[in-house]
Amino acid sequence: MHGRKGRDVIVKVPCGTLVYNKETGDLLADINEPGKEVVIAVGGRGGRGNARFASSTNRAPREHEPGEKCEPVELDLELNLIADVGLVGYPNAGKSTFLSAVSNAKPKIAPYPFTTLHPVIGIVQYDDFHTLKIADIPGLIDGAHLNVGLGHHFLRHIERTKMLVYVIDMAGVDGRKPIDDFHVLQKELEEYMGGLSKRAVLVLANKMDLPESQENFEEFMREIPPGLEVFPLSAASDQDFSEVKNKIRELAEAAKQRDQEAFYRRNI
């Protein structure tokens, strides 16, 4: 008898899963592409069966050795969605409405805050069969970088995105000024992870069909940083989003190209 080998235990996880050692907090693996496999825990050395003890003087040995036990490893698995574009904005700003209009995603939409409780990814299909993945991140609130209102639970899903699209409520239906919303969102992103607010950015000035929006939009355009592209629209009533879809693609591809060039420079 040679002894039976132990079976591998394979745990299937979604693409984008981070694997941490629960005790030390060390990052053990980043499952960032389909089909990637990583050995997290190695089994103990196998025991020897009686056949390994056979000799010229002991033709029928009865000795054997048990296999070694291995220490269990406790893990934390954290999913960071992999998307090209992240939609960020306050609750009820219209992110889900916009995503459902330009992609195949069907997030829950209702006229009250925090309709979206989990990140949703939509696939945007272009006429030349190019696709982009856009993640609808649940609405951020003041103090999200301090984990207020499940802030870290939501914010971590935009770490991998190439660009950000701010969806701003121009009507100010919740009593806030649109320009203040924009500045607070940028601050929350930067406080959470340095450089996050500096990624490729497009601003969607949403709810332009409401009467209060035009005056707020004019004030917003006077106070935003120069060079920032802003698209006025109504995610609920507009029929054609081809222009904004093309702009998102242009910015996302440019950001991807910059990342690739920076990677090559670091590794040459």
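For the structure, check the block above.
Residues numbered from 1 in each chain as written. Predicted model: local features only at pLDDT ≥ 70, side-chain atom pairs only at ≥ 80, totals over all residues. Heavy atoms only, no water.

Peer 1: I keep staring at the pattern of salt bridges and nothing clicks. Help me out?
Peer 2: Side chains carrying opposite charge are able to pair once their charged atoms draw close together. This structure, assessed with the given rule, holds seven salt bridges. Close ionic contact of Glu250 with Lys247 constitutes a salt bridge, the shortest N to O distance being 3.3 Å. With a gap of three residues between them, Glu250 and Lys247 both fall in helix α5 (residues 242–267), about one helical turn apart. Taking relative accessible area as the criterion, Lys247 reaches 14% and is therefore assigned buried. Of the charged contacts in the structure, one is a salt bridge between Glu253 and Arg249, with a shortest N-O distance of 3.2 Å. Highlighted residues: Glu253 and Arg249, both in helix α5, separated by four residues, approximately one helical turn. (Salt bridge = Lys/Arg side-chain N within 4 Å of Asp/Glu carboxyl O. Helix = DSSP H or I, 4+ residues; strand = E, 2+ residues; numbered from the N terminus. Buried < 20%, exposed > 50% of the residue type's maximum accessible area, 1.4 Å probe, protein only.)

Peer 1: How should the environment of Pro211 be read in this particular structure?
Peer 2: Along the chain, the position of Pro211 falls in the loop between β8 (200–206) and α4 (213–223). Note: C-alpha distance between Pro211 and Met170 (41 residues apart in sequence) is 9.9 Å.

Peer 1: Looking at this model, I keep getting lost on the pairing of strand β5 (residues 120–125). Mind explaining?
Peer 2: Looking along a regular strand, one sees side chains alternate from face to face of the sheet. When β5 meets strand β6 (residues 131–136), the two strands line up antiparallel, connected through six bridges. Its bridge partner lying in β6, Gln125 is registered against Thr131. Joining the antiparallel neighbours β5 and β6 is a turn of five residues, in which Phe129 adopts a positive phi near 75°. (Pairing = 2+ DSSP bridges.)

Peer 1: Just checking my understanding: could you explain a nonpolar patch on the surface for this structure?
Peer 2: On the surface, Leu28, Val38, Ile40, Val73, Leu75 and Leu77 cluster together to form a nonpolar patch covering roughly 430 Å² of accessible area. Mapped onto the elements, Leu75 comes out in strand β3 (residues 75–79). (Patch = residues over 30% accessible without salt bridge, like charges linked within 9 Å, V, L, I, M, F, W, Y side chains within 5 Å. Areas by Shrake-Rupley, 256 points an atom, 1.4 Å probe, with all protein chains shown as cover.)

Peer 1: What should I look at first to understand the sheet that holds strand β7 (residues 163–169) in this one?
Peer 2: Two modes of strand pairing occur in sheets, parallel and antiparallel, and in both the strands are linked by backbone hydrogen bonds. Taken in spatial order, the six strands of this open sheet run β5-β6-β4-β7-β8-β9, and their pairing is mixed. Edge positions in the sheet fall to β5 and β9 (230–232), since each of these pairs with one other strand and no more. Geometrically, the sheet is characterised by an average inter-axis angle of 25° between neighbouring strands, direction not taken into account. Two elements, β7 and β8, share seven bridges in a ladder whose sense is parallel. Bridge assignment links Tyr166 to a residue of β8, and that residue is Val203. (Axes fitted to C-alpha atoms, helices over the stretch in contact; angles between N-to-C directions.)

Peer 1: Would you take a moment to explain the sheet that holds β3 for this structure?
Peer 2: Reading across from one edge, β2-β1-β3 is the order of the three strands in this open sheet, with antiparallel pairing throughout. The sheet is open, and its two borders are formed by β2 (27–31) and β3, each paired with just one other strand. Averaged over all neighbouring strand pairs, the angle between strand axes comes to 15°, with direction disregarded. Bridge analysis of strand β1 (residues 17–21) against β2 gives four bridges, and the strand direction is antiparallel. Its bridge partner lying in β2, Tyr20 is registered against Leu27.

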